[in-house]
Amino acid sequence: MTSAALALLVPVLGGCGLAAASPLVSSRRAGAPAIAVGVATLALCAVVLGGTDGRVVAWFGGWHPRGGAAIGVAFAIDPLGGALAVFVAALGVTALVLAARLIVVEDLLFDALVLVFLAAMVGFAFSGDLFDQFVFLELMAIAGVVLVGYEVGQRAPLEGSLTFGVTMAIGSILLLFGIGLVYGRTGALNLAQIGRELDRGPLDLLVVMAFALIAAGMLVKAAIVPFHLWTADAYAVAPTPICILLAGAFAELGLYGLFRIYWTAFAGVMGGEEEVLRAVLVGAGALSAVLGAVMCLAQHHLKRLLAFATIAQVGLFLMGLGLLSVAGVAGVALWAAGDGLVKAALFACVAAVQHRWDSTDERELHGRGRSLWPLGIVFAACALVIASSPPSGSFLGRALVEDAALAAPGYAWVPAVLAGVNAIVAGALLRVAARVFAGWGRPARRDARAGGADEDTTAERDQPDRGAATLWLPAAVLALIAILGGLTPGLADAAARAAGAFVDTHAYAAAVLDGARATIPDASAPGPTATALLYAAGSTAGAFAIAAAALRGAALPRPVHRSVEWLRAMHDGRPGSYAAWTVAGTAVMAAVLTIGLR
Amino acid sequence: VNALAYVVAVWLLLAGLYGVVTSRHLVHLVLCLSVAQSSTYVLLLAIGYRGGGRAPVFSDLPAGTPVVDPVVQALTLTDIVVQATVTAVLLALTVQAAKRFGSVDPDDLGALRG
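To start, this report covers the structure provided alongside it. (Residues numbered from 1 in each chain as written. Chains lettered and ligands numbered in written order. Predicted model: local features only at pLDDT ≥ 70, side-chain atom pairs only at ≥ 80, totals over all residues. Heavy atoms only, no water.)

### Thoughts on the overall build of chain B
Helix and strand counts for chain B come out as 3 helices and 0 strands. Sequence-ordered secondary structure for chain B, helices as α and strands as β, is α-α-α. With respect to the three principal axes, the spread of C-alpha positions in chain B is 60 × 30 × 20 Å. By residue count, 44% of the 114 residues in chain B fall in the buried class. (Helix = DSSP H or I, 4+ residues; strand = E, 2+ residues; numbered from the N terminus. Buried < 20%, exposed > 50% of the residue type's maximum accessible area, 1.4 Å probe, protein only.)

### Regarding the overall build of chain A
Scanning chain A from N- to C-terminus turns up 22 helices and 2 strands. For a compact globule of 598 residues, the expected C-alpha radius of gyration is about 25 Å, and chain A comes in at 23 Å, within 12% of that figure. Classification of the 598 residues of chain A by burial places 64% in the buried group. Looking at chain A alone, contacts between residues at least 24 apart form 84% of all its contacts between residues at least 6 apart. With an accessible surface of roughly 18,800 Å², chain A has 67% of that area assigned to carbon and sulfur atoms. Both charge centroids of chain A, one from 36 positive and one from 38 negative side chains, sit 6 Å from each other. (Rg over C-alpha atoms; globule rule 2.2 N^0.38 Å. Contact = heavy atoms within 4.5 Å. Areas by Shrake-Rupley, 256 points an atom, 1.4 Å probe, with all protein chains shown as cover. Lys, Arg positive; Asp, Glu negative; His and termini not counted. Charge placed at Lys NZ, Arg CZ, Asp CG, Glu CD.)

### Things to note about the state of the cysteines
Within this structure, the stated rule accounts for 0 disulfides over all chains. Residue C45 of chain A stays outside any disulfide, its sulfur separated by 17 Å from that of C16 of chain A, the closest cysteine. (Disulfide = S-S within 2.5 Å.)

### So, the interface of chain B and chain A
Each partner contributes residues to the interface: chain B has 42 residues there, and chain A has 49 residues. Around 4,000 Å² of area is buried between chain B and chain A when both sides are counted, 78% of it from carbon and sulfur atoms. Counting every contact that joins chain B to chain A gives 1 residue pair in polar contact (both at pLDDT 80 or more). Within the residue set of the side of chain B that touches chain A, elements represented by two or more residues are α1 (2-22), α2 (26-48) and α3 (70-101) of chain B. When residues in the side of chain B that touches chain A are grouped by element, the largest group, 16 residues, is from α3 of chain B. (Buried area = accessible area lost by both parts, 1.4 Å probe. Polar contact = N/O pair within 3.5 Å; in protein donor to acceptor, adjacent residues only side chain to side chain.)

### Describing the packing of aromatic side chains
Residue and element names in this part refer to chain A. Throughout the structure, instances matching the rule amount to 17 aromatic pairs over all chains. Geometrically, the ring pair formed by Y262 and W263 is edge-to-face, given 5.1 Å between the ring centres and 75° between the ring planes. Joined through ring pairs, the aromatic side chains of F117, F164, W230 and F250 make up one cluster. Over the face of the ring belonging to W357 we find R356, whose NZ or CZ atom lies 5.4 Å from the ring centre. (Phe/Tyr/Trp six-rings, centres within 6.5 Å; stacked < 30°, edge-to-face > 60°. Lys NZ or Arg CZ within 6 Å of the ring centre and 35° of its normal.)

### Details of the pattern of salt bridges
Residues and elements named next belong to chain A. Per the counting criterion, the structure on display carries 15 salt bridges over all chains. Close ionic contact of R200 with E197 constitutes a salt bridge, the shortest N to O distance being 3.0 Å. Highlighted residues: R200 and E197, both in helix α7 (residues 191-200), separated by 3 residues, approximately one helical turn. Relative accessible area serves as the criterion here: at 62%, R200 is assigned to the exposed category. Judged by relative accessible area, which is 28%, E197 ranks as partly exposed. Where R363 meets D361, a salt bridge forms, and the shortest distance between an N and an O atom there is 2.8 Å. (Salt bridge = Lys/Arg side-chain N within 4 Å of Asp/Glu carboxyl O.)

### Observations regarding the packing of helix α6 (residues 155-186) of chain A against helix α8 (residues 205-222) of chain A
Residues and elements named next belong to chain A. One can describe the packing of α6 onto α8 by two numbers: an axis separation of 8 Å at closest approach and a directional angle of 150°. With respect to α8, the element α6 is oriented roughly antiparallel. Judged by the twist between their axes, the crossing of α6 over α8 is left-handed. For the pair α6 and α8, contact is made by T167, M168, G171, S172, L174, L175, F177, G178, I179, L181, V182 and R185 and by L206, V207, M209, A210, L213, I214, A216, G217, M218, V220 and K221, respectively. Along the lines of polarity and charge, the residues of the contact of α6 with α8 split into 16 nonpolar, 5 polar and 2 charged. (Axes fitted to C-alpha atoms, helices over the stretch in contact; angles between N-to-C directions. Parallel < 35°, antiparallel > 145°, perpendicular 65-115°, else oblique. Left-handed = near helix turned anticlockwise from the far one by under 90°. Nonpolar A, V, L, I, M, F, W, Y, C, P; charged D, E, K, R; others polar.)

### A word on the nonpolar core
Counting 251 residues, the largest nonpolar core has F126 and F266 of chain A as the members making the most contacts within it. Setting aside anything within four residues of it in sequence, one finds F126 of chain A in contact with A4, A7, C45, V48, F75, A76, I77, G81, G82 and A85 of chain A. (Core = buried A, V, L, I, M, F, W, Y, C linked by side-chain atoms within 4.5 Å.)

### A look at the packing of helix α15 (residues 393-407) of chain A against helix α16 (residues 414-438) of chain A
Residues and elements named next belong to chain A. At a minimum axis separation of 8 Å, α15 and α16 run at an interaxial angle of 150°. Accordingly, the angle class assigned to the pair α15 and α16 is roughly antiparallel. Packed against α15, whose contacting residues are R398, V401, E402, A405 and L406, the element α16 presents V414, P415, L418, A419 and N422 at the interface. Considered class by class, the residues forming the contact of α15 with α16 number 7 nonpolar, 1 polar and 2 charged.

### Considerations on α15 of chain A
Residue and element names in this part refer to chain A. With 15 residues, α15 should cover 21 Å at 1.5 Å per step; its first-to-last C-alpha distance of 21 Å lies within 8% of that length. Buried residues dominate α15, accounting for 12 of its 15 residues. Among all positions in α15, only G393, S394, F395, L396, G397, R398, A399, L400, V401, E402, A404 and A405 are buried. (Expected span 1.5 Å × (residues − 1).)

### Some words on a nonpolar patch on the surface
Nonpolar side chains collect at one region of the surface, where W472, L473, V477 and I481 of chain A lie side by side and expose about 350 Å² of accessible area between them. By the element assignment, W472 of chain A lies in helix α17 (residues 468-485). (Patch = residues over 30% accessible without salt bridge, like charges linked within 9 Å, V, L, I, M, F, W, Y side chains within 5 Å.)

### Quick look at unusual backbone geometry
Residues and elements named next belong to chain A. Of note, the bond from V225 into P226 is cis; its omega dihedral lies within 30 degrees of zero at 0°. Locating P226 in the fold gives a position in the loop between α8 and α9 (229-237). One non-glycine residue, L324, lies in positive phi territory at about 55°. Take L324: it is sitting in the loop between α12 (302-322) and α13 (326-357). Even without being glycine, S388 reaches a positive phi, approximately 60°.

### Here we look at the environment of E362 of chain A
Residue and element names in this part refer to chain A. For E362, the location among the structural elements is in the loop between α13 and α14 (373-386). Between the C-alpha atoms of E362 and H301, which are 61 residues apart in sequence, the distance is 6.2 Å. Discounting chain neighbours no more than four positions away, the residues touching E362 are Q299, H300, L302, R431, V432, R435 and V436.

### Overview of α1 of chain B
With 21 residues, α1 of chain B extends 31 Å from end C-alpha to end C-alpha; this agrees with the ideal 30 Å at 1.5 Å per step. Buried within α1 of chain B are the following residues: A9, L13, G16, L17, G19 and V20 of chain B. When α1 of chain B is viewed along its axis, its buried side chains cluster within an angular range of 160° and face the same direction. Seen from the open side of α1 of chain B, the exposed residues pointing more than 90 degrees away from its buried face are A3, L4, V7, W11, L14 and Y18 of chain B. Buried-residue contacts for α1 of chain B involve α6 and α22 (575-597) of chain A together with α2 of chain B. (Arc of directions from axis to C-beta.)

See below:
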């Protein structure tokens, strides 16, 4: 319990300390203090996770609930939340290490902000209180806006940060409106208590609207279509270490928040109408995944390409979680962990390339990466993990999601979409690896519409050649962990156990409100079947085929090309249009849920 | 009175969002965002309102006096702090945009597209 509070306090105080010391320090000393604080946070999160044999519930100030009514605010940590915090802290340390190598700034404010960002993410993973979750999300968003726009002297980072900030603000307004409605109905902010109170009442318009608004607020963070428009801009301009946190943690936390709230607060009252909700969530995920994959294939700016890869992957995760089953949650947990590590490795590779040649454009970089061939091998290996090739952790995760889809009647098409989207995204990445690091194939064509997003950040180019080795090493280590994760015995079973606890609404409420101390039952996940291997082989082969076709200079089929042009026009970099899409998406989702659920 | 408060909250939300979508000036855009944000204050306070309720300070009130809900007031206060930060950051970015590029029209943005 103390360690849970410390895991939040240490990075916050560390960040404040660094910010306070910043004017006194003449030059930044390789980020060592920030890395030390990050490692301490990671260790504390690991201690918390090690202690979650059951659930850890910590009431701040000793305000324990009386008679099933929560008076204070609580951290309620189950194995999934604890594991997520460890994962986030690990990515945070990686980001800090890379920042120490890449970003030359005169003060400590960058590190301080990263630590605050990290603290908010850990707090969000631990929180058992709806309003606390909102506050942590806001803290994340504000720290994120400043970090994304860190190179504010240039045009592109300024614009990316502005659109990011406006979209996040609209998302939080919608979220808070939903929280207000929930409080009006239940008089509670504790998730478990909300769940019990809602369960006593009917599933009426107010509950549906509240859920729709909360879901929209979370999906803005998770970058699900049509709430995703900020993503590519923010990733393209953010310093690479921040991209790692945005791609590997921020988006996943949005999904975690949505499903944490669903399973603790809304599962009881909406449980009877699961079918409608499942259709909406899986549908939104599929739309996101397909759109992200197509846009990914059409990009030649490496960071934007990775941004769309993230949108596609997060869409797949939403499909898995949206199946609303234990196997789906377990599969996505494994898959997202592997994916986050690989994404971090890919961004590290891009950072090394950008560092060396001051460009993130596939055309300009064509063949120039030959001297950095080890980086190319890491990049290609990461692409194969994205394709969920065995034996990576992603493969195990996707196999579990496939099982979950086949168990739900009417969703037999899901595994094909998963495999197809994985193949397209991995194909685009393999194409990049072949062009940049081997110089194969024809150079990429010019993007007709893409504007000046290639403007690069000055801070990342100031150190000639000091870091090539230090950059490919962490990338290789991250990729290796992602691959070996699939071979770790017991990992899938642990994920199944954590997922079982995550979806157990009643046990969660009993632990939080009644102080029940039940241990979480062990569970075992079925091993991957022959079908899973077949799908994995399919997406791997598909990835190679797509990469080969792209290298030969094959153009996209005409209708696809036309829709890509239309989609590009949708990403126009203006905060007003992003706001319009966000509002429209929320309205459509609320309407569909209202019609379906009532 | 209560129903009107909810109508006002929804109206503020929609009006603010309309302003954000159609804005031609970044300062105007950020202020419209503040209008939309204030809808949540109205909503929260309306939820906690009790007819005839006193301010929830019990030092000079006998126990059992009806009071308005103090929790939503705490939430609103927190919310105001959070949203003020967001507004400050966005306005700072606007100032930078005006200083460096001499434009505060969102339609001039678009270095990032596609």
